[in-house]
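Analysis of the macromolecular model
Below are the chains, spelled out letter by letter.
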Amino acid sequence: MLRRGGKGEAADGFYQIRSDCTHKVPETKFKIKIGKTLSVRKWHAAFTREGCLDIASVLNRIQKGGVHPTIRGEVWEFLLGCFDPGSTFDEREQIRQKRSLNIVTDDLCRIQYALWKEECKDMDSHVGSSKIITAPIITEDGMPIKDPLVLLEATSDQRTTQGSSSSSGNDNEVDKSVNCVVDKQIIEWKLLLHQIGLDVLRTDRSMVFYENKENLTKLWDILAVYAWIDKEIGYCQGMSDLCSPMIVLLNDEADAFWCFERCTQQSVGVENQLQHLASIIQVLDPKLHDHLETLGGGDYLFAFRMFMVLFRRELSFGDSLYLWEMMWALEYDPDIFSAYEHIGAATGVTPGYKPKVKSMRQFGKYERDNMKNGASDNDGPVPISVFLVASVLKENSAKLLQEARGIDDVIRILNDVNGNLDAKKACAVALKLHRKYLKKLYIIRQGKHILISSAGADT
């Protein structure tokens, strides 16, 4: 029996690992604790009779002890802005149906998942066919490739022999009986499909969940559809790591797609995040920053993977979910749903749109600090993920300064973090660094203001 203030219940049982992989997977540090973790009872109690959610009480619980695994999917839909906390049960069901069914709304940029998937199926019949493409199906000039390997169904056996399903360009026979594809966007999309397939077969391969072929194909379908509808991003290696938890937590494919879509909106822009990271380390640890620059790492590209997959490689599956929900709760903005609903693909924010004024309690702790200090630039506040990476660098600062004699050493030292990162501690350190950074930034700005004022007085 769990007791308040006790060590807590292990959460490993909720995400089963294959017996032949247990020795390769980091132990999950996250524990379910009474009085801290958002429980099923507390979650249900946070809703009014009509279905409106007391988001402030939910954020408080998550920031203390994460979310119980059995309700993670439901909670994440709010944290990621899929639903407005002020919506009712009926309103959310209407939104869910729109996203699941073949319905077109008045907002052209919100074409629903089923319609997008049908569009992709018309372009390539493998989508929605319970099969995964693992070898090229088209040449760069649009000629379809005749290769039976691309028709292999995704079985659990294939996950262990996936190398044989990829063929070289010399082995690909052009199918002259099929018309050449002339649309460049379709060609580019089709060229991505086999890479998505190969990544899907590598993703979370230690989990029992993915021994089920249907779960693998669901992951491939979502990524294939996303690659088509978001042509600016398309598909980047590592996206399967971001999408996988959504498949695990949400039974409905459309629900999983929308959570993934929102998650990608928060994790893209890696180049900007690397620039922010460089600026933050330069302020908080100038000695380390200078050392990294001397080694040729001033662009901080060695941290690219951490941003791209949000620490999936540094943590166990369960701990990475815990870290994500902590991050999203800390930087939560109650207007996130309204902002997404009013952003158009071509026109940007809807003209005249103004978010409703919300209580400060409805914002996450990190977001409240930003609001109090006016900490934002032209691109908005710096994501908390930047300070999480900064916390990893700070924790390893002494080792980096003493042992790193090249970028390979930097990567090696950071790779040692894999499996050893403590999600809760990392978030706590990130918040401290954030406040310290804001204070130092304020002092620097005040100093510049005084210099400018003095110069003006002299003239």
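Below, the structure is looked at part by part. Sequence order sets the numbering: in each chain, residues are counted from 1 along the sequence as written. A pLDDT threshold of at least 70 governs which residues receive local features in this predicted model, and a stricter bar of 80 or more applies before side-chain atom pairs are shown or counted, although totals over entire chains, interfaces and linings include all residues. To get the side-chain values, all heavy atoms of the structure are used, and hydrogens and water are removed first.

Strands here mean DSSP runs of E at least two residues long; helices mean DSSP runs of H or I at least four residues long; both are numbered from the N terminus. Each helix and strand in the protein chain was counted, giving 19 helices and 6 strands. Evaluated residue by residue, the protein chain yields a buried proportion of 51% over its 459 residues. Only heavy atoms enter the contact rule, under which two residues are in contact if any of them lie within 4.5 Å. In the protein chain, of all internal contacts separated by at least 6 residues, the share reaching a separation of at least 24 is 74%. Computed by Shrake-Rupley with a 1.4 Å probe, the accessible areas treat only the displayed protein chains as cover when residues are assessed. Split by element, the accessible area of the protein chain, about 22500 Å² in all, is 51% carbon and sulfur. Each residue's exposure class comes from its accessible area (1.4 Å probe, protein chains only) as a fraction of the maximum for that residue type: buried when under 20%, exposed when over 50%, partly exposed otherwise.

What follows covers a positive patch on the surface. Two joining distances apply to patches: 9 Å for like charges and 5 Å for nonpolar side chains (Val, Leu, Ile, Met, Phe, Trp, Tyr), and every residue must have over 30% relative accessible area and no salt bridge. We define a salt bridge as a side-chain nitrogen of Lys or Arg found within 4 Å of a carboxyl oxygen belonging to Asp or Glu. The charge count includes Lys and Arg as positive and Asp and Glu as negative, but it does not include His or the ends of the chains. For this purpose, a charge sits on NZ of Lys, CZ of Arg, CG of Asp or CD of Glu. On the surface, Lys 33, Lys 36, Lys 64 and Lys 424 cluster together into a positively charged patch. In this structure, Lys 64 sits in helix H2 (residues 55-65).

Before going further, it helps to examine the layout of surface pockets. We place a 1 Å grid over just the protein atoms. Points where a 1.4 Å probe fits but has no way out form a cavity, open points with protein on both sides within 12 Å along at least 5 of 7 lines form a pocket, and any residue with an atom within 4 Å of a point lines it. Grid points are joined across faces, edges and corners, and a volume is the space filled by probe spheres set on the points. By volume, the second largest pocket amounts to about 830 Å³. Along its surface, the second largest pocket is lined by 34 residues, and Val 25, Asp 204, Arg 205, Ser 206 and Arg 312 are the ones closest to its centre. Listing elements by their share of the lining of the second largest pocket, those giving two or more residues are helix H6 (184-202), helix H8 (239-249), helix H12 (304-309) and helix H13 (317-330). Of all the elements, H12 adds the most residues to the lining of the second largest pocket, at 4 residues. Amino acid classes used here: Ala, Val, Leu, Ile, Met, Phe, Trp, Tyr, Cys and Pro are nonpolar; Asp, Glu, Lys and Arg are charged; the rest, including Gly, are polar. Here the residues of the lining of the second largest pocket sort into 11 nonpolar, 10 polar and 13 charged. Domain delimitation in this document rests on an assignment produced automatically or drawn from a domain database. Shared between two domains, the lining of the second largest pocket takes at least three residues from each, and those domains are domain 1 (108-152 + 180-264) and domain 2 (270-331 + 373-453).

Glancing now at helix H9 (residues 253-267). Because each turn of an α-helix spans 3.6 residues, side chains separated by three or four positions in sequence point in the same direction. To estimate the expected span of a helix, subtract one from its residue number and multiply by 1.5 Å. For H9, which comprises 15 residues, the first-to-last C-alpha distance of 21 Å matches the rise-based estimate of 21 Å (1.5 Å per residue) to within 8%. Extensive coverage of H9 is indicated by the burial of 13 of its 15 residues. N or O atoms within 3.5 Å of each other form a polar contact, as long as, within protein, one can give a hydrogen and the other can take it, and as long as residues adjacent in sequence are counted only when both atoms are side-chain atoms. Sitting at the head of H9, Asp 252 places a side-chain oxygen 2.9 Å from the backbone nitrogen of Ala 254.

Inter-axis angles, ranging from 0 to 180 degrees, are taken between N-to-C directions of lines fitted to C-alpha atoms, where helices are fitted over the stretch in contact. Helix H7 (residues 213-229) packs onto H6 with a crossing angle of 150° between their chain directions and a minimal axis gap of 9 Å. With respect to each other, H6 and H7 are oriented roughly antiparallel. Between H6 and H7 lies a crossing whose hand is right-handed. The residues of H7 that touch H6, namely those facing Gln 185, Ile 186, Trp 189, Leu 192, Leu 193, Ile 196, Gly 197, Val 200 and Leu 201, are Leu 216, Leu 219, Trp 220, Leu 223, Ala 224, Ala 227 and Trp 228. Roughly parallel means an angle under 35 degrees; roughly antiparallel means over 145; roughly perpendicular covers 65 to 115; every other angle is labelled oblique. In this scheme the handedness of a crossing depends on how the near helix is turned from the far one: anticlockwise by less than a right angle means left-handed, clockwise means right-handed.

To continue, consider the pattern of salt bridges. If you walk through the whole model with that rule in mind, you get 20 salt bridges. The shortest N-O distance in the salt bridge between Lys 117 and Glu 253 comes to 2.9 Å. Of the two residues, Lys 117 sits in helix H5 (residues 113-123) while Glu 253 sits in helix H9, which places them 136 residues apart along the sequence. Lys 117 gets classed as buried once you look at its relative accessible area, which sits at 16%. Between Glu 261 and Arg 262 there is a salt bridge; the shortest N-O distance is 3.1 Å. No difference in accessibility class separates Glu 261 from Arg 262, as the two residues are buried. Connected via shared salt-bridge partners are Arg 18, Asp 20 and Glu 211.

By size, the foremost hydrophobic cluster in this structure holds 126 residues, and its most contacted members are Met 246 and Leu 277. Those residues in contact with Met 246 that sit more than four places away from it in its chain are Trp 76, Leu 80, Ala 256, Cys 259, Phe 260, Cys 263, Trp 324 and Trp 328. For our purposes a nonpolar core is just a set of buried Ala, Val, Leu, Ile, Met, Phe, Trp, Tyr and Cys residues, chained together by side-chain atoms within 4.5 Å.

Below, the discussion takes up the packing of aromatic side chains. For Phe, Tyr and Trp, rings pair up if their centres lie within 6.5 Å, where Trp contributes its six-membered ring, and each pair is then called stacked (planes under 30 degrees apart), edge-to-face (over 60) or tilted (otherwise). Applying the stated criterion across every chain, the model contains 20 aromatic pairs. Residues Phe 78 and Phe 83 carry aromatic rings whose centres are separated by 5.9 Å and whose planes lie at 55° to one another, so their mutual orientation is tilted. Neither Phe 78 nor Phe 83 differs from the other in exposure class; each is buried. One aromatic cluster is present, built from ring pairs that chain together Trp 43, Phe 47, Phe 78, Phe 83 and Phe 89. Cation over ring: Arg 72 sits above Phe 30, and NZ or CZ is 5.1 Å from the ring centre. Whether a charge sits over a ring comes down to the Lys NZ or Arg CZ being within 6 Å of the ring centre and within 35 degrees of the ring normal. The residue whose ring lies beneath Lys 231 is Trp 228, and the NZ or CZ to ring-centre distance is 3.9 Å.

Glancing now at the environment of Lys 190. Relative to the assigned elements, Lys 190 resides in helix H6. The exposure class of Lys 190 is buried, given its relative accessible area of 13%. C-alpha separation for the pair Lys 190 and Glu 140, spaced 50 residues apart in sequence, amounts to 9.5 Å. Setting aside anything within four residues of it in sequence, one finds Lys 190 in contact with Met 123, Asp 124, Ile 137 and Ile 138. Of the polar contacts made by the side chain of Lys 190, one reaches the backbone oxygen of Met 123; its length is 2.9 Å.

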